[in-house]
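Chain by chain, the residues run as shown.
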There are 2 protein chains.
Amino acid sequence: MVEISRKQREIQQRTREILRVAKPILIAEGFQALTMDRLASRMEYAKGTIYNHFPNKEEIVLALAIEAMKLRHKLFDQASTGDRPARIRLMTIGVACEFYTQRCTEEFQVEQWMRNANIWDKSSSERQRIIRECEAGCMQVVARLVRESLAQGELLALDHLTPEEMVFGLWAITFGSQILTASSPSLQALGVFDPIRTIRIHCCRLLNGFGWQPIQSEKEYLKLVEEISAEYFPQFEQIQREHR
Amino acid sequence: MVEISRKQREIQQRTREILRVAKPILIAEGFQALTMDRLASRMEYAKGTIYNHFPNKEEIVLALAIEAMKLRHKLFDQASTGDRPARIRLMTIGVACEFYTQRCTEEFQVEQWMRNANIWDKSSSERQRIIRECEAGCMQVVARLVRESLAQGELLALDHLTPEEMVFGLWAITFGSQILTASSPSLQALGVFDPIRTIRIHCCRLLNGFGWQPIQSEKEYLKLVEEISAEYFPQFEQIQREHR
DNA sequence: GAAATTTCTGACGCTGCGTCAATAATTGAC
DNA sequence: GTCAATTATTGACGCAGCGTCAGAAATTTC
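As a convention, each chain's residues are numbered from 1 in the sequence order in which they are written. Chains and ligands are labelled sequentially in the order written, the chains with letters from A and the ligands with numbers from 1. With the structure being a predicted model, the display of local features is reserved for residues of pLDDT at least 70 and the display and counting of side-chain atom pairs for 80 or more, all residues being used for whole-chain, interface and lining totals.

What follows is about the overall build of chain A. A tally of helices and strands in chain A yields 12 helices and 0 strands. Based on the C-alpha atoms only, the size of chain A along its principal axes is roughly 60 × 50 × 35 Å. Nonlocal contacts in chain A, meaning residues at least 24 apart in sequence, comprise 69% of its contacts between residues at least 6 apart. Strands here mean DSSP runs of E at least two residues long; helices mean DSSP runs of H or I at least four residues long; both are numbered from the N terminus. A pair of residues counts as a contact when their C-beta atoms, built from backbone coordinates, are separated by no more than 7 Å.

Structure representation (structure tokens):
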């Protein structure tokens, strides 16, 4: 049925349109500024129409978050390919993370809102499931590198951890530092002057603590991160552009 | 003026009473269930009276968070004293963190609510300041151990990090893992079976990565954590009791 | 014991969510 | 091309909850 699919395309189109309008409001003014009335009047549609697309405000945030996490996933995928040693590709994922946080600030912010208990709890389990899937997808990209590294002997057997638990530590430290950086306006005042470089160093030391080859020196590590950063930046930007 | 101070004591008393009533609502049913009307009717006071104590709902959460963070600070203080090597005392703070997350679940939850941007932004800068102070206090307890360790030679000079930046990594990894554990209902499904033990191991490896003496083996580390746990548990419980 | 002051009260105005009966647009059978 | 049936859109409405403030009640002061 050509007609039905045209209609459906129109509807999908409008769903995207709603998200396009909602996003800057959420980013610039926060969740409480994102009211259905406001959204409706900006869209030149009635409120009821918006409710045909999303059962509530919260669901709009989750829909935005799904988009955001898909972008994250793509960046991770891009970063994890290639034929360099796994540890180098792992570092590239770290760089992708930094890129995401710093250059895809809107998506990063949306992810923060998504983790808000008020918002999460009011959303449909369907969208929650999709988000968890994205999360698992990102996890798997990294866990695959760990498995590969174990197989290659770059990393010694983790007697006490699953590969996913190995990843969990890295996830926790990057995620934790990003939240703290975002929510603590005065890290400077606490004596933390360069959180990004700090976390780079900690990741290096952590991986060294696991005896992960082939990097030993912190200096070498930091230099490599810079090189990877420069090399991948255009690719990441390309992915970001395509994502629109 | 005895009279004035009696009056003032009564008012302070009621402020505490409001917090006492508000806390279980927030914990059990979340922020949106914490309505001023409900609070007022449970207290058998009118809404206006509550507004004499707190300018808005959000401020109540921050007041609860201040209490929570004071408890955290006390636990950290307790953990950091004694004459064992700094790394052991650092591990004890780690144990205190675990205790806080697991045994002071209400306080831990309140801290989560406090980090909610909606809530934080609507609160007075005065209470925000106090919270940042508590945060800084906790940071300092740990940073002091780092400084001490450097002085003792247990830890080699950190050419590229301030002591606070050294702490930031530990903070990020424990904080990050706690948030992920709390907000990801399906860590299990992701392949993370024992997040607590996982993070213990990561902390050990991280500190080893920094060459922090005197622990080398992971097994020894995990055993020590268990011992410290058992030893400090009663003290922590005592502090928790006194905190009411 | 009465005036002055402080404290308490809850009805009120307002905002914003989500609904649904009424209205408009689209479709497809003839 | 027409019209009944179906589908989509609309915005007024009911409701909940925030924060206010004019007046009532209690307390203090003289």
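Next, the rest of the story.
A few words now on the packing of helix 4 (residues 57–80) of chain A against helix 6 (residues 105–115) of chain A. All names here are of chain A. For helices, the axis comes from a line fit to the C-alpha atoms of the stretch in contact; other axes are also lines fit to C-alpha atoms, and the angle between any two N-to-C directions lies between 0 and 180 degrees. At their nearest, the axes of helix 4 and helix 6 sit 8 Å apart, and the two run at 130° to each other. In terms of orientation, helix 4 and helix 6 fall into the oblique class. The interaxial crossing formed by helix 4 with helix 6 has left-handed handedness. Between helix 4, through V61, L62, L64, A65, A68, M69 and L71, and helix 6, the contact on the second element is made entirely by E107, V110, E111, W113 and M114. For the contact of helix 4 with helix 6, the per-class residue count stands at 10 nonpolar, no polar and 2 charged. Relative orientations are named as follows: roughly parallel for angles under 35 degrees, roughly antiparallel for angles over 145 degrees, roughly perpendicular for angles from 65 to 115 degrees, and oblique for any other angle. Each crossing is labelled by how the near helix is turned from the far one, with a counterclockwise turn of less than a right angle marking it left-handed and a clockwise turn marking it right-handed. When residues are sorted by character, Ala, Val, Leu, Ile, Met, Phe, Trp, Tyr, Cys and Pro go into the nonpolar class, Asp, Glu, Lys and Arg into the charged class, and all the rest, Gly among them, into the polar class.

Before going further, it helps to examine the protein's contact with DNA strand C. Using the backbone to place each C-beta atom, any residue with that atom within 6 Å of a molecule or strand is considered near it. Contacts to DNA strand C come from 17 residues, most closely from T35(A), G48(A), N56(A), A46(B) and G48(B). For the surface near DNA strand C, the secondary structure elements donating two or more residues are helix 1 (2–29), helix 2 (36–43) and helix 3 (47–53) of chain A together with helix 3 (47–53) of chain B. Per element, the largest residue contribution to the surface near DNA strand C is 4 residues, and it comes from helix 3 of chain B. The residue makeup of the surface near DNA strand C, split by class, is 4 nonpolar, 6 polar and 7 charged.

Moving on, we get to the interface of chain B and chain A. Residue-level contacts link 43 residues of chain B with 43 residues of chain A. Of all elements in the fold, only helix 7 (117–122), helix 8 (125–152), helix 9 (163–183) and helix 11 (195–209) of chain B reach the threshold of two or more residues within the side of chain B that touches chain A. Examining the composition of the side of chain B that touches chain A, we find that 13 residues originate from one element, helix 9 of chain B, more than from any other. For the side of chain B that touches chain A, the residue count by class is 21 nonpolar, 16 polar and 6 charged.

Taken together, 16 residues sit near DNA strand D, with A46(A), G48(A), T35(B), G48(B) and N56(B) positioned nearest. Residue assignment for the surface near DNA strand D shows that the elements contributing at least two residues are helix 3 of chain A together with helix 1 (2–29), helix 2 (36–43) and helix 3 of chain B. Looking at which element gives the most residues to the surface near DNA strand D, the answer is helix 3 of chain A, with 4 residues. Split by residue class, the surface near DNA strand D holds 4 nonpolar, 6 polar and 6 charged.

Time to look at the relation of the copies chain B and chain A. Overlaying chain B with chain A gives an RMSD of 0.1 Å, the required rotation being 180° about an axis along which the chain moves by 0.0 Å. The superposition of one copy onto the other is thereby described by a two-fold rotation axis. Of the interface residues in chain B, 100% have counterparts in chain A that sit at the interface too, so the contact is made through matching surfaces. Least squares is the method used to superpose the copies, on C-alpha atoms of residues holding a pLDDT of at least 70 in both.

Let's shift gears to the nonpolar core. Joined through C-beta atoms within 7 Å, a set of buried Ala, Val, Leu, Ile, Met, Phe, Trp, Tyr and Cys residues constitutes a nonpolar core. Around each residue's C-beta, the other C-beta atoms within 10 Å are counted; 20 or more make the residue buried, 12 or fewer make it exposed, and counts in between make it partly exposed. All C-beta atoms are placed from the backbone. Core analysis: the biggest nonpolar cluster contains 132 residues, and A96(A) and A96(B) have the highest contact counts within it. Once you skip the residues sitting within four places of it in the chain, A96(B) turns out to touch L75(B), F76(B), A79(B) and F236(B).

A separate point is helix 11 of chain B. Given the number of residues in a helix, its expected span is that number minus one, multiplied by 1.5 Å. Under the 1.5 Å per step criterion, the end-to-end length of helix 11 of chain B is 20 Å for 15 residues, consistent within 8% with the ideal 21 Å. With 12 of 15 residues buried, helix 11 of chain B lies mostly within the body of the structure. Among all positions of helix 11 of chain B, only T198(B), I199(B), R200(B), I201(B), H202(B), C203(B), C204(B), R205(B), L206(B), L207(B), N208(B) and G209(B) are buried. Lining the buried residues of helix 11 of chain B we find helix 9 (163–183) and helix 11 (195–209) of chain A together with helix 5 (86–103), helix 9 and helix 12 (218–242) of chain B. Immediately downstream of helix 11 of chain B, the backbone of G211(B) shows phi near 70°, a positive value.

With that out of the way, let us pick up the packing of helix 11 of chain A against helix 9 of chain B. Helix 9 of chain B packs onto helix 11 of chain A with a crossing angle of 70° between their chain directions and a minimal axis gap of 9 Å. Regarding the angle of helix 11 of chain A to helix 9 of chain B, the classification is roughly perpendicular. Each of P195(A), T198(A), I199(A) and H202(A) in helix 11 of chain A lies in contact with helix 9 of chain B, whose residues at this interface are E165(B), F168(B), G169(B) and A172(B). Split by residue class, the contact of helix 11 of chain A with helix 9 of chain B holds 4 nonpolar, 3 polar and 1 charged.

Next up on the list: unusual backbone geometry. All names here are of chain A. At E44, a position not held by glycine, the phi torsion is positive, near 60°. Looking at the element boundaries, E44 is found in the loop between helix 2 and helix 3. Exposure remark for E44: the 7 C-beta atoms within 10 Å place this residue in the exposed category.

Mapped onto the elements of the fold, R244(B) is located in the segment after helix 12. Classification of R244(B) as exposed rests on a count of 7 C-beta atoms within 10 Å.

Residues and elements named next belong to chain B. You can see Y100 is positioned in helix 5. Residues Y100 and L71, 29 residues apart in the sequence, show an inter-C-alpha distance of 8.6 Å. With sequence-adjacent residues up to four places away left out, Y100 is seen in contact with R72, L75, E107 and F108.

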